[in-house]
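One-letter residues, chain by chain:
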2 protein chains.
Amino acid sequence: MPVSRASDINRRSLLAILAALPSLSGGVFPAAVRAQAVTAGSALASWNDGPARQAISEFVRATTDRASPNYVPPEDRIAVFDQDGTLWVEHPLYTQVVYCLERVPAVVANKPELRDVEPFKTVLSGDREAIARLPLPDLEKILVVTLTGMSVDDFNAEVKKWIATARHPRWQRPYTELVYQPMLEVLHHLRDVGYKTYIVTGGGQDFVRVYAQQVYGIPPEQVVGTAGATTFSYDRDGKPILTKDAKLLLNDDKAGKPEGIHLMIGRRPYAAFGNSTGDREMLEWTGAGAGTRLRMLVLHDDATREFAYGPAQGLPDTKVGSFTQALYDEAKKDGWTVISMKNDWKRIFAFD
Amino acid sequence: MPVSRASDINRRSLLAILAALPSLSGGVFPAAVRAQAVTAGSALASWNDGPARQAISEFVRATTDRASPNYVPPEDRIAVFDQDGTLWVEHPLYTQVVYCLERVPAVVANKPELRDVEPFKTVLSGDREAIARLPLPDLEKILVVTLTGMSVDDFNAEVKKWIATARHPRWQRPYTELVYQPMLEVLHHLRDVGYKTYIVTGGGQDFVRVYAQQVYGIPPEQVVGTAGATTFSYDRDGKPILTKDAKLLLNDDKAGKPEGIHLMIGRRPYAAFGNSTGDREMLEWTGAGAGTRLRMLVLHDDATREFAYGPAQGLPDTKVGSFTQALYDEAKKDGWTVISMKNDWKRIFAFD
């Protein structure tokens with residue numbers, strides 16, 4: 001359960017998305033955003049020439065050219081990517097939080113005793129202002145009841161069904177189409193030159209694993225995220241089942257990201273991509289290794305094509321995916337590369 | 001820390017290995033046991049023809065032949081292997097426990113306050129009978145102090161150094177040479193036909209990851225094991241470090257094996273290999289999926305070439321790597337395949 005991330009939720013953002021949420025998500029099964037074939041010459045076709053694109057190209061050269069002093073053997077090539085705000089849109093609300101809110105009616109239908117209990121009563125009321133005012137412990141209750149207590153197979157099936165039909169309120173498109181085309185190109189390019197690409201997300205590991213192969217070309221076992229315990233038991237027919245527990249095993253945010261990388265991957269990445277203070281320790285851990293390391297931060301500075309938030313806008317640190325001035329200063333001081341969505345990206349989405 | 005496995009340690013076995021342990025492991029750097037090139041025709045060259053070899057071949061045919069009704073797409077091909085007693089020798093003591101006992105002098109040198117404290121005093125005394133009589137909580141203290149409290153980099157370096165020089169008391173060879181050649185062939189064969197091979201061990205995840213690539217051709221991220229938490233912090237120079245904590249995250253034994261598979265892999269394997277009651281739930285979980293699933297158990301019935309223990313010998317359940325009569329009965333009832341080391345394997349080790 002990404003409980004700690006809930007503290008980053010901006011109330012006005014929550015209100016905005018609640019106002020825009022359909023009572024039932026649209027019924028059209030969306031075309032999947034699939035990996036586009038990338039030829040060597042057009043590997044980063046959606047990137048403008050500039051320091052960000054050059055940093056990626058130089059990293060690839062330095063670590064894959066056998067003549068380079070910082071050559072990295074193929075088996076050691078690991079690259080990690082935050083998801084929300086780095087690979088896809090995180091505004092106005094994390095997609096997984098939308099899922100949890102929309103799951104409440106189904107959960108209550110199975111557990112009628114929750115109908116008149118807060119915070120479920122408020123969520124069911126449809127009073128968006130009241131929902132937006134729910135205190136954090138109530139939001140955590142919503143996450144727990146919608147993300148745990150079912151078998152892993154049932155959870156996977158529910159998320160798969162939802163992600164196929166849910167729509168983002170601004171674009172009225174499936175969330176799975178709101179991935180950044182330039183970042184898809186980085187994923188493909190790094191894989192083409194032998195890097196194993198991982199998602200390292202503060203979001204729920206089980207949630208992201210449902211669609212990561214389809215959307216990013218990343219298999220379930222290469223998704224590291226906030227993870228709860230499961231319990232093995234047998235159902236009435238004696239068949240083994242795994243049930244999702246409310247016990248947190250890994251809070252994969254901030255210091256939890258390098259800890260999660262050690263647990264799930266067991267070695268230090270050579271490249272790390274993020275967009276917020278939640279990614280700071282992951283980039284520091286990546287950079288503390290020897291040789292050439294690539295550390296990049298996506299700066300959301302394009303209010304027209306996507307959203308603008310972070311230090312350029314002087315928004316407060318509590319904003320979703322906060323990119324603080326302190327993070328910006330650390331990036332500049334330590335040679336991390338800041339990606340300007342406005343200046344570095346020719347287009348944001350595949351449908352642009 | 002594989003604390004729960006400690007309960008499986010047989011006291012007489014502990015005594016036997018303690019009697020045979022060199023005070024310092026030999027100084028010759030061993031040749032690594034490397035993957036041997038396997039041609040298609042000789043994929044399982046060390047296997048006698050019989051039901052075990054046929055079960056493997058039939059599984060490969062059923063899941064990789066496109067014309068098969070139980071064809072499995074390459075991206076879904078996952079195979080999991082227990083380590084101790086399944087891939088390499090576990091008698092008379094788990095290799096990792098030997099490591100922990102041999103690390104005690106170095107730990108005490110750094111923490112002199114432990115010198116006169118039990119159980120370290122007894123371990124340092126060299127009184128092998130007294131060491132063998134140490135109660136379980138004392139053994140756990142030894143595991144905690146030798147496996148946690150240091151940086152992950154320091155731990156990796158120590159294990160790497162030790163595994164290169166330590167010798168098994170019976171064969172006077174590096175533990176890394178005591179891998180079963182027929183099982184190496186299964187690993188290679190399954191990889192050759194598109195399976196991703198994982199170790200799923202009750203032993204320490206960080207320990208096994210140090211040598212898994214060299215010994216089994218399995219990269220660190222494909223080793224699932226008993227895992228403790230780590231803590232991210234900064235050293236005196238401001239450099240990020242990860243420190244191994246005594247807090248257990250995953251006890252990867254028995255029911256913990258399918259739970260660990262879900263945490264680290266996120267989907268159900270098609271093939272699972274084990275040799276003890278610690279592998280039962282993993283094989284059950286594997287078998288509960290649709291289509292063709294391979295479940296195999298290594299039976300140690302070759303006292304001449306390796307060891308004999310388990311139901312055929314009527315040994316008690318507390319034996320290391322216990323293969324109980326109940327497990328044998330479940331295997332027969334549910335169509336798992338029991339591998340007889342004596343009858344199914346032409347040779348046990350590469351050096352045979």
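Quick caveat, the model's predicted, so the values are computed rather than measured.

*Asks:* Just checking my understanding: could you explain the relation of the copies chain A and chain B for this structure?
*Replies:* Mapping between the two chain copies consists of a rotation about an axis together with a translation along that axis. Screw-axis analysis of chain A against chain B gives a translation of 0.0 Å along the axis, an RMSD of 0.0 Å, and a rotation angle of 180°. The transformation relating the two chain copies, once decomposed into turn and shift, fits a two-fold axis. Most of the interface of chain A is mirrored in chain B, where 100% of its interface residues are also at the interface.

*Asks:* It is not clear to me how the pattern of salt bridges should be interpreted in this structure. Could you clarify?
*Replies:* Two side chains bearing opposite charge may form a pair once their charged atoms approach each other closely. Evaluated as defined, the whole model comprises 36 salt bridges over all chains. Across the pair Glu281 of chain A and Arg280 of chain A runs a salt bridge, and its minimum N-O distance is 3.7 Å. Taking relative accessible area as the criterion, Glu281 of chain A reaches 9% and is therefore assigned buried. Between Lys333 of chain B and Asp334 of chain B there is a salt bridge, with the nearest N and O atoms lying 3.2 Å from each other. Residue class for Lys333 of chain B comes out exposed when judged on its relative accessible area of 68%. For Asp334 of chain B, a relative accessible area of 32% corresponds to the partly exposed category. Among the charged side chains, a salt-bridge network with shared partners connects Asp76, Lys196 and Arg267 of chain A together with Glu221 of chain B.

*Asks:* Help me understand the packing of helix α3 (residues 95-110) of chain A against helix α7 (residues 152-165) of chain A in this model?
*Replies:* The packing of two helices is summarised by the inter-axis angle and the distance between the axes. All names here are of chain A. Between α3 and α7, the least distance of the axes is 11 Å, while the angle of their chain directions is 105°. Considering the angle they form, α3 stands roughly perpendicular to α7. Residue-level inspection shows Thr95, Val98, Tyr99, Glu102 and Arg103 of α3 in contact with α7, the latter providing Phe155, Glu158, Val159, Trp162 and Ile163. Residues of the contact of α3 with α7, tallied by class, amount to 6 nonpolar, 1 polar and 3 charged.

*Asks:* Looking at this structure, how should I read the interface of chain A and chain B?
*Replies:* When the parts come together, some accessible area is lost, and that loss is often what is quoted as the size of the interface. Chain A puts 37 residues into the contact, and the matching count from chain B is 37 residues. In this assembly, chain A packs against chain B so that about 3200 Å² is buried in total across both faces, 58% of it on carbon and sulfur atoms. Of all residues in chain A, the largest losses of buried area upon contact with chain B belong to Glu221, His262 and Leu263 of chain A, amounting jointly to 20% of the total for that side. Linking chain A to chain B there are 6 salt bridges. The salt bridge partner of Glu221 of chain B is Arg267 of chain A, with a shortest N-O separation of 2.8 Å. In this assembly, chain A and chain B are joined by 22 residue pairs in polar contact (both at pLDDT 80 or more). Of all elements in the fold, only α7, β2 (196-204), α9 (205-216), β3 (223-234), β4 (240-250), α10 (256-264) and α11 (280-287) of chain A reach the threshold of two or more residues within the side of chain A that touches chain B. A breakdown of the residues in the side of chain A that touches chain B according to their chemical character gives 19 nonpolar, 6 polar and 12 charged.

*Asks:* Can you help me understand helix α10 (residues 256-264) of chain B in this one?
*Replies:* Residues separated by three or four positions in an α-helix point in the same direction, a consequence of the helix having 3.6 residues per turn. Among the 9 residues that make up α10 of chain B, 9 are buried, leaving the element largely enclosed by the rest of the structure. Looking only at α10 of chain B, the buried set comprises Gly256, Lys257, Pro258, Glu259, Gly260, Ile261, His262, Leu263 and Met264 of chain B.

*Asks:* What is the right way to look at the sheet that holds strand β6 (residues 294-299) of chain A in this model?
*Replies:* Strand pairing within a sheet occurs via backbone hydrogen bonds; the two strands may be parallel or antiparallel. Residue and element names in this part refer to chain A. If you walk across this open sheet you meet the 7 strands as β4-β3-β2-β1-β5-β6-β7, and the pairing is mixed. Every other strand in the sheet has two partners, leaving β4 and β7 (337-340) as the edge strands with one partner each. Between one strand axis and the next, the sheet turns through 35° on average, direction left out of account. Sheet topology note: the β3/β4 ladder contains 7 bridges and is antiparallel. When the sheet's bridge partners are listed, Ala227 is paired in β4 with Leu250. Sheet strands touched by helix α2 (residues 51-64): β5 (271-274), β6 and β7. Its angle to β6, the strand with the most contacts, is close to 155°.

*Asks:* I'm lost on α3 of chain A in this one. Help?
*Replies:* For α3 of chain A, built from 16 residues, the straight-helix expectation of 22 Å at 1.5 Å per residue is met to within 8% by its first-to-last C-alpha distance of 23 Å. At Val104 of chain A, α3 of chain A shows its strongest bend, of approximately 40°, with the proline Pro105 of chain A following within four residues.

*Asks:* I tried to follow the environment of Gly149 of chain A on my own but got confused; where do I start?
*Replies:* Residue and element names in this part refer to chain A. Take Gly149: it is sitting in the loop between α6 (136-147) and α7. Separated by 82 residues in the primary sequence, Gly149 and Thr231 place their C-alpha atoms 10.0 Å from one another. Filtering out sequence-adjacent residues up to four positions away, Gly149 remains in contact with Thr243 and Lys244.

*Asks:* Just to check I follow, could you spell out the packing of α9 of chain A against α10 of chain B for this structure?
*Replies:* Remark: α9 of chain A packs on α10 of chain B, axes separated minimally by 10 Å, with the N-to-C direction vectors making an angle of 60°. Looking at the two axes, α9 of chain A sits oblique to α10 of chain B. Within the contact between the two elements, α9 of chain A uses Gln205, Asp206 and Arg209 of chain A and α10 of chain B uses His262, Leu263 and Met264 of chain B. Residues belonging to the contact of α9 of chain A with α10 of chain B are distributed by class as follows: 2 nonpolar, 2 polar and 2 charged.

*Asks:* Hey, could you run me through the packing of aromatic side chains in this one?
*Replies:* Given two aromatic rings, one states the distance between the centres and the angle between the planes to describe the pair. Residues and elements named next belong to chain B. Taken as a whole and judged by the stated rule, the model has 36 aromatic pairs over all chains. Centroid distance Trp171 to Phe307: 5.8 Å. Interplanar angle 90°. Geometry classified as edge-to-face. One end of the pair, Trp171, is in the loop between α7 (152-165) and α8 (181-192); the other, Phe307, is in the loop between β6 (294-299) and α12 (325-334), with 136 residues separating them in the sequence. For the pair shown, Trp171 and Phe307 are each scored as buried.

*Asks:* Hey, could you run me through the pairing of β7 of chain A in this one?
*Replies:* Taken residue by residue, a regular strand's side chains alternate between the two faces of the sheet. Residues and elements named next belong to chain A. Burial of the side chains of β7 extends over both faces: Thr337 and Ile339 are buried on one face and Val338 and Ser340 on the other. Pairing of β6 with β7, which is carried by 4 bridges, proceeds in the parallel orientation. The residue of β7 that forms the bridge with Val298 is Ile339.

*Asks:* Can you help me understand the sheet that holds strand β7 (residues 337-340) of chain B in this one?
*Replies:* One open sheet holds the 7 strands; their spatial order is β4-β3-β2-β1-β5-β6-β7 (chain B), and the pairing between them is mixed. Because the sheet does not close on itself, it has two edges, and the strands there are β4 (240-250) and β7 of chain B. Taken over all neighbouring pairs, the strand axes of this sheet differ in orientation by 35° on average, direction set aside. Here strand β5 (residues 271-274) of chain B runs beside β6 of chain B; their pairing, made up of 4 bridges, is parallel. Looking at β6 of chain B, one finds that Ala271 of chain B is bridged to Leu294 of chain B. Against the sheet, α10 of chain A touches β3 (223-234) and β4 of chain B, its axis set at about 155° to β3 of chain B.

The rules we used
- Counting from 1, residues in each chain are numbered in the order their sequence is written.
- Whichever chain is written first is A, and whichever ligand is written first is 1; the rest continue in order.
- Given that the model is predicted, a residue must reach a pLDDT of at least 70 before its local features are reported, and side-chain atom pairs must reach 80 or more before they are shown or counted; all residues, however, enter totals for whole chains, interfaces and linings.
- Only hydrogens and water are set aside; all other atoms, that is, all heavy atoms of the structure, feed into the side-chain values.
- A least-squares fit on C-alpha atoms brings the copies together, and the residues used are those whose pLDDT is at least 70 in both copies.
- Contact criterion: two residues are considered in contact whenever any of their non-hydrogen atoms come within 4.5 Å of each other.
- Within this document, salt bridges are pairs made up of a side-chain nitrogen of Lys or Arg and a carboxyl oxygen of Asp or Glu, the two lying within 4 Å of each other.
- For every residue, the accessible area (1.4 Å probe, protein chains only) is compared with the maximum for its type, and the residue is labelled buried under 20%, exposed over 50%, or partly exposed between those bounds.
- Only C-alpha atoms enter the line fits that serve as axes; for helices the fit covers just the stretch in contact. Angles between N-to-C directions range over 0 to 180 degrees.
- By definition, any uninterrupted DSSP run of H or I lasting at least four residues is a helix, any uninterrupted run of E lasting at least two residues is a strand, and each is numbered from the N terminus.
- Should an angle fall under 35 degrees it is taken as roughly parallel, and over 145 as roughly antiparallel, whereas 65 to 115 is taken as roughly perpendicular and any remaining angle as oblique.
- Classification used: nonpolar for Ala, Val, Leu, Ile, Met, Phe, Trp, Tyr, Cys and Pro, charged for Asp, Glu, Lys and Arg, polar for all others including Gly.
- Buried area is calculated as the accessible area (1.4 Å probe) missing from two parts once they are joined, with the contributions of both summed.
- Pairing of N or O atoms within 3.5 Å defines a polar contact, subject to two protein rules: one partner must be a possible hydrogen donor and the other a possible acceptor, and residues neighboring in sequence count only if both atoms are side-chain atoms.
- The pairing criterion for strands is at least two bridges between them, as found by DSSP.
- Here the expected length of a helix is defined as 1.5 Å per residue gap, with one fewer gap than residues.
- Bend, at a single residue, is the angle you get between axes fitted to the 7 residues ending at that residue and the 7 residues starting at it.
- Centres within 6.5 Å are what make two rings of Phe, Tyr or Trp a pair, Trp counting through its six-membered ring; a difference in plane orientation under 30 degrees is then read as stacked, over 60 as edge-to-face, and the rest as tilted.

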